[in-house]
Amino acid sequence: MTRGKMHLVLVSSLVPAANPASGFDIANRAVLDGLRALGHRVSVIGFLQPGRTQASDCEVHLLGELEVTNAKVGTLQKLKWLANAFLNRTSVSSGKMLTVSASRIQAILDGLAPFDGLVLNSVQLPAAFAQVFRPYPSIYVAHNVEADSAFENAERASGTFERFLFRREAQYLERYEQQLAQNAVAVWTFAEADRFGFGRAVSDRAFVLPLVTSWDAPPAAADDAHELKQDLGLIGTWSWRPNRLGLDWFLAEVVPHLPEDMSIAVAGQMDGVPVVSHPGVRFVGRVPDARTFVTESAVIPLISRGGTGVQLKSIETFELGMPCVATQASLRGIEQVPGNCAASDDPAEFARLLVEKATKARAGDRQRLDGSAFHRAQKVRLMRVMRNVLASLGPSVAAESPSVPPELKVHEGRRS
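As the structure is a prediction and not an experimental result, all values here were calculated from the model.

Draft legend 1. View of the overall build of the protein. The number of helices and strands found in the protein is 15 helices and 13 strands. For 416 residues, the compact-globule formula gives about 22 Å, and the C-alpha radius of gyration of the protein, at 22 Å, lands near that figure. Dimensions of the protein, computed from C-alpha atoms along their principal axes, come out at roughly 70 × 50 × 40 Å. Buried positions account for 55% of the 416 residues belonging to the protein.

Put into structure tokens, the structure is as follows:
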């Protein structure tokens, strides 16, 4: 049992958004909502993406606006990020955070004290200012094993320089993730395999945190609530490399096995539209409502091929009760797979299962399930894990800052 109401500080590169869009946003919000549902006060420190609105129902201490998505900036900004990372001898992802000083973050923490501990949400901001956060008791939230994803990207890189950049990023991330995990009271991951991504010594205090895409269950929908507009619907942030690898696999390996009269809509942001010969493939870009797009599709292909962590599109599909065909990587972190989800990593078999389910939908059998049971079970497990782990945090941090060596207090990084 936890010691009654606690005060926790959630440190995140991006603060929770009013309307979560990306997988990071959704996971960020689930962590916040879970902590608050247990009755704890949560103060949030982080940046806000331009054009986004911060969640109005949480206590936010904003570091400013910051765009962090590569696909949303031009070549000049990408070169500045790269130069800043080399200048500060850090990863590109943490180098982006160095628009504020360590002393400013320390001042915010001093103002928030007393608190019981930090919840360090992913590697970017916690690694950028590790000297500030290290003295406090913390829980590290590992969305993925970021170093593993970066090493995968290096292996698939198209040129020598790109391979060098990915390997450099991976080496920094590996060191940062190990340090954050080893210093933490506990580690929360979103997939079982990731528990072992930071060393055996850490795995004993690493726990899988089940996720939901929204705290309230999606409204139940009748089979005929939305008219079908496509046989297959895929949606994601395709500008993120692990997602794009899955899409490229699907288009190159699976689509050639599909009949030409099958309609396939691909929604979401991407860098460069692939050339596809199948006449039924349409790239529709951003859609006004992701859930409506999903429910207007007969079948959802879940096509992850690499990376680590949980696939939030899989969770959303299950919450909506949609029929789907999934790769094994798409089912990471899912304890109970719904009965209307088939799985295969073989392209021809994957295509056959899609055709089978789409044919049933065309004949009037939508194969939808009630996703509320899945959503409810995820929430129960999420809160159980949080409750058990929070019991291990120490007593409240006093209003005075922990003892930090002077050389760390004054180091604020060189900012370009």
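Draft legend 2. How the structure looks around helix α2 (residues 75-87). The terminal C-alpha atoms of α2 lie 18 Å apart, and with 13 residues this matches the ideal 18 Å at 1.5 Å per residue to within 8%. Among the residues of α2, those classed as buried are Trp81, Leu82, Asn84 and Ala85. In a view along the axis of α2, the buried residues occupy a sector of 160°, so they form one face of it. Of the residues in α2, the exposed ones pointing more than 90 degrees away from the buried face are Thr75, Leu76 and Leu79. With its phi angle positive at about 50°, arginine 89 sits one or two positions after the end of α2.

Draft legend 3. Quick peek at helix α7 (residues 146-155). In terms of burial, α7 is largely enclosed, as 7 of its 10 residues are buried. Along α7, the positions that sit buried rather than exposed are Glu146, Ala147, Ser149, Ala150, Phe151, Asn153 and Ala154. Considering only its buried residues, α7 is in contact with α8 (160-183) and α10 (241-254).

Draft legend 4. The pairing of strand β5 (residues 138-142), seen in detail. Burial analysis of β5 places 5 of its 5 residues in the buried class, the great majority of the element. Residues Ser138, Tyr140 and Ala142 of β5 are buried on one face, and the alternating residues Ile139 and Val141, pointing to the opposite face, are buried as well. Note: strand β4 (residues 117-121) against β5, 4 bridges, orientation parallel. Considered in β5, the bridge of asparagine 121 is made with valine 141. Here 4 bridges tie β5 to strand β6 (residues 186-189), and the two strands are oriented parallel to one another.

Draft legend 5. The arrangement of the packing of aromatic side chains in detail. By the definition in use, this model includes 7 aromatic pairs. With a centroid separation of 5.5 Å and an interplanar angle of 80°, the aromatic rings of phenylalanine 318 and phenylalanine 374 are classed as edge-to-face. Remark: phenylalanine 374 occurs in helix α14 (residues 372-390) and phenylalanine 318 occurs in helix α12 (residues 312-319); sequence separation between them is 56 residues. On the basis of relative accessible area, phenylalanine 318 is assigned to the buried category, the value being 2%. Each residue in the set Phe86, Phe161 and Phe164 is aromatic and connected to the rest through ring pairs, giving one cluster. Geometry around phenylalanine 86 places arginine 168 over its ring, the cationic atom sitting 4.1 Å from the centre.

Draft legend 6. Inspection of the packing of α7 against α8 at higher detail. Relative to each other, α7 and α8 sit at 165°, their axes nearing to 8 Å. By the angle class used here, α7 and α8 are roughly antiparallel. With respect to the hand of their crossing, α7 and α8 are arranged in left-handed fashion. Where α7 approaches α8, its residues Glu146, Ala147, Ala150, Phe151, Asn153 and Ala154 are matched on the opposing element by Arg163, Phe166, Arg167, Ala170, Gln171, Leu173, Glu174 and Glu177. When the residues that make up the contact of α7 with α8 are grouped by side-chain class, the tally is 7 nonpolar, 2 polar and 5 charged.

Draft legend 7. Quick look at the sheet that holds strand β13 (residues 341-343). Reading across from one edge, β10-β9-β8-β11-β12-β13 is the order of the 6 strands in this open sheet, with parallel pairing throughout. Looking at which strands have only one partner, the edges of the open sheet turn out to be β10 (281-285) and β13. Within this sheet the neighbouring strands show an average axis-to-axis angle of 25°, counted without direction. Inspection of the sheet shows strand β9 (residues 264-267) paired to β10 by 4 bridges, in the parallel sense. Residue pairing across strands places valine 266 opposite phenylalanine 283, the latter belonging to β10. Along the sheet face, α10 touches β8 (230-235), β9, β10 and β11 (297-302) and points at about 150° away from the line of β8.

Draft legend 8. Seen up close, the nonpolar core. One finds Val31, Leu35, Trp188 and Leu211 to be the most contacted residues of the largest nonpolar core, which totals 52 residues. No other element matches the 7 residues that α14 contributes to this core. Counting residues in hydrophobic clusters, the runner-up holds 46 residues, among them Leu66, Ala184, Val187 and Ala206.

Draft legend 9. Examining the sheet that holds strand β2 (residues 41-48) more closely. Spatial strand order, β3-β2-β1-β4-β5-β6-β7: 7 strands in an open sheet with parallel pairing. For this open sheet the edge positions go to β3 (59-65) and β7 (206-208), each flanked by a neighbour on one side alone. When the angles between neighbouring strand axes are averaged without regard to direction, this sheet yields 20°. Where helix α1 (residues 23-37) meets the sheet, its contacts fall on β1 (7-14), β2, β4, β5 and β6, and the angle it forms with β1 comes to roughly 175°. Against the sheet, α14 touches β1, β5, β6 and β7, its axis set at about 170° to β6.

About the cut-offs
- Residues numbered from 1 in each chain as written.
- Predicted model: local features only at pLDDT ≥ 70, side-chain atom pairs only at ≥ 80, totals over all residues.
- Heavy atoms only, no water.
- Helix = DSSP H or I, 4+ residues; strand = E, 2+ residues; numbered from the N terminus.
- Rg over C-alpha atoms; globule rule 2.2 N^0.38 Å.
- Buried < 20%, exposed > 50% of the residue type's maximum accessible area, 1.4 Å probe, protein only.
- Expected span 1.5 Å × (residues − 1).
- Arc of directions from axis to C-beta.
- Contact = heavy atoms within 4.5 Å.
- Pairing = 2+ DSSP bridges.
- Phe/Tyr/Trp six-rings, centres within 6.5 Å; stacked < 30°, edge-to-face > 60°.
- Lys NZ or Arg CZ within 6 Å of the ring centre and 35° of its normal.
- Axes fitted to C-alpha atoms, helices over the stretch in contact; angles between N-to-C directions.
- Parallel < 35°, antiparallel > 145°, perpendicular 65-115°, else oblique.
- Left-handed = near helix turned anticlockwise from the far one by under 90°.
- Nonpolar A, V, L, I, M, F, W, Y, C, P; charged D, E, K, R; others polar.
- Core = buried A, V, L, I, M, F, W, Y, C linked by side-chain atoms within 4.5 Å.

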